[in-house]
Amino acid sequence: MAVTIYTDRRMIEHRVPPRHPERPERLEAILRHLERTGYMVSCPMGKVREATADELRRVHPAAYLEELEVVDRRGGGSIEADTWMSEQSLLAARLAAGAGVEAVAEVLGGPNRRALCLVRPPGHHALPAHAMGFCIFSNVALAAKEAIAKHDVNRLLIVDFDVHHGNGTQEIFYESPQVGFLSIHRHPFYPGTGLKSETGSGEGLGHVKNIPLPHGTPRAEYLAAFRAGLHALADKMKPELVLISAGFDAHAEDPVGDLGLEVEDFDLLTREVVAVAETHAQGRIVSLLEGGYNVPILAGCTVAHLHALGAEPAKTSR
């Protein structure tokens, strides 16, 4: 199956201070590995554009967007304890958000039913009015809003397997009757949210499924918990589209996260999501890169994820 890749090298120009985990080398390493393994030849490339102000305002208030413009005009700086902007960061963030919007449009309206957005900065910690945890805009939430606003999607599911809880995504959709959210994550851990008792409210009650796991959880137990939670929520939501917040920092050698996983586990996680999408959503999936900070391992995990989504490398690759 063709999996369209959405990326733009201008996102590499989002510069951060030395030793910051969310550094440009992350995306550079992924793209080099995709070239070496033949996926840059075999996978179609989607067109990436900046998200428009109207699209951004579906999630983020105008006052927050203006605050970011002010920081951008003065050349960048720290905007939150862990989040930094340089001269090109706002452009990169708009491109990251726009990649998800464009990928949703293609998956719902075009011939290809799968897309992978290799973007930075990541997005799942971003709150409507605040940056947080390396994230400026909520890329996955903006993609979900596009599906609902422009493509008449009534039910969708967001699956987040980053080692950190997707607190921003959860907050945005906590009362939504249309969006289901599943997060499997390390707990107790940053950002401190994601308890089992957080299940949504109002019309969204029961549409949030958190699977907090302690450090040291056996891999088999992790995978069993993910499988059970995913299928239960998917059967309840019956999504017409599945979005993935694909973080790879649950890998055992990640310097920021670690929940003991190996590269092959991300293949298994992805295949479970594919099974859900095939059952409920005509196979339609848009995946967006989140965390993963061991650069060589991140590249390998990304290829495992892409292959499990259905992509095959070019036969001429070595």
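Before going into details, it helps to say that this report is about the structure given with it. On a predicted model such as this, the values are computed, not experimentally measured, just so you know. (Residues numbered from 1 in each chain as written. Predicted model: local features only at pLDDT ≥ 70, side-chain atom pairs only at ≥ 80, totals over all residues. Heavy atoms only, no water.)

Points about the overall build of the chain
When you go through the chain residue by residue, the secondary structure sums to 10 helices and nine strands. At 18 Å, the chain has a C-alpha radius of gyration in line with the 20 Å of a compact globule built from 318 residues. The principal-axis extents of the C-alpha atoms in the chain amount to approximately 55 × 50 × 40 Å. Looking at the chain as a whole, 60% of its 318 residues are labelled buried. If you sum the accessible surface of the chain, you get close to 12000 Å²; carbon and sulfur atoms cover 52% of it. For the chain, the distance from the average site of its 32 positive side-chain charges to the average site of its 41 negative ones is 4 Å. (Helix = DSSP H or I, 4+ residues; strand = E, 2+ residues; numbered from the N terminus. Rg over C-alpha atoms; globule rule 2.2 N^0.38 Å. Buried < 20%, exposed > 50% of the residue type's maximum accessible area, 1.4 Å probe, protein only. Areas by Shrake-Rupley, 256 points an atom, 1.4 Å probe, with all protein chains shown as cover. Lys, Arg positive; Asp, Glu negative; His and termini not counted. Charge placed at Lys NZ, Arg CZ, Asp CG, Glu CD.)

Digging into the packing of helix H5 (residues 89-109) against helix H6 (residues 139-150)
In the contact formed by H5 and H6, the axes pass within 8 Å of each other and the chain directions differ by 35°. Crossing of H5 against H6: the hand is right-handed. Taken together, the residues of H6 that come into contact with H5 (itself represented by Ala93, Ala96, Ala97, Gly100, Val101, Val104 and Leu108) are Asn139, Leu142, Ala143, Glu146 and Ala147. (Axes fitted to C-alpha atoms, helices over the stretch in contact; angles between N-to-C directions. Left-handed = near helix turned anticlockwise from the far one by under 90°. Contact = heavy atoms within 4.5 Å.)

Digging into the pairing of strand E8 (residues 241-246)
Across the six residues of E8, six count as buried, placing the element largely inside the fold. A two-sided burial pattern is seen for E8, the buried positions comprising Leu241, Leu243 and Ser245 on one face and Val242, Ile244 and Ala246 on the other. By the bridge criterion, five bridges tie E8 to strand E9 (residues 285-289) in an arrangement that is parallel. In the strand pairing of E9, isoleucine 244 is matched with serine 287. Once you follow E8 into helix H9 (residues 263-280) and on to E9, the crossover reads as right-handed. (Pairing = 2+ DSSP bridges. Right-handed = clockwise from strand over helix to strand, strands pointing away.)

Regarding the packing of helix H1 (residues 25-37) against helix H10 (residues 295-309)
The N-to-C vectors of H1 and H10 enclose an angle of 50°; their axes lie 8 Å apart at closest approach. With respect to each other, H1 and H10 are oriented oblique. H1 and H10 meet at a crossing whose hand is right-handed. Along the contact surface, H1 presents Glu25, Arg26, Ala29, Ile30, His33, Leu34 and Thr37, while H10 presents Val295, Leu298, Ala299, Gly300, Thr302, Val303 and Leu306. (Parallel < 35°, antiparallel > 145°, perpendicular 65-115°, else oblique.)

So, the sheet that holds strand E6 (residues 179-186)
Pairing between the strands of a sheet is mediated by backbone hydrogen bonds and can be parallel or antiparallel. Within the open sheet, the seven strands sit side by side as E1-E4-E9-E8-E5-E6-E7. Their pairing is parallel. With one partner strand each, in any of the chains shown, strand E1 (3-6) and strand E7 (208-213) form the two edges of the open sheet. Adjacent strand axes in the sheet meet at a mean angle of 15° when their direction is disregarded. Relative to E6, strand E5 (residues 156-160) is paired through five bridges, and the arrangement is parallel. Directly across from isoleucine 158, in E6, lies its bridge partner phenylalanine 181. Contacts from H5 reach E1, strand E4 (114-117), E8 and E9 within the one sheet, and its direction differs from that of E4 by about 175°.

Brief notes about H9
For H9, spanning 18 residues, the distance from its first C-alpha to its last is 27 Å, which sits close to the expected 26 Å at 1.5 Å a residue. Residues of H9 that are buried make contact with E4, E5, helix H8 (219-237), E8, E9 and H10. Trailing H9 by a residue or two, glutamine 282 shows a phi angle of about 55°, which is positive. (Expected span 1.5 Å × (residues − 1).)

Re the environment of lysine 209
Within the element layout of this structure, lysine 209 appears in strand E7. C-alpha of lysine 209 to C-alpha of valine 159: the two residues are 50 residues apart in sequence and 9.6 Å apart in space.

Details of the environment of serine 287
Structurally, serine 287 is set in strand E9. Classification of serine 287 by relative accessible area gives buried; the value is 0%. With 43 residues separating them in the primary sequence, serine 287 and isoleucine 244 have C-alpha atoms 4.4 Å apart. When neighbours within four sequence positions are excluded, serine 287 is seen to be in contact with Ala115, Leu116, Cys117, Ile244, Ala246, His305 and Leu309.

Nothing here speaks to function; it is geometry throughout.
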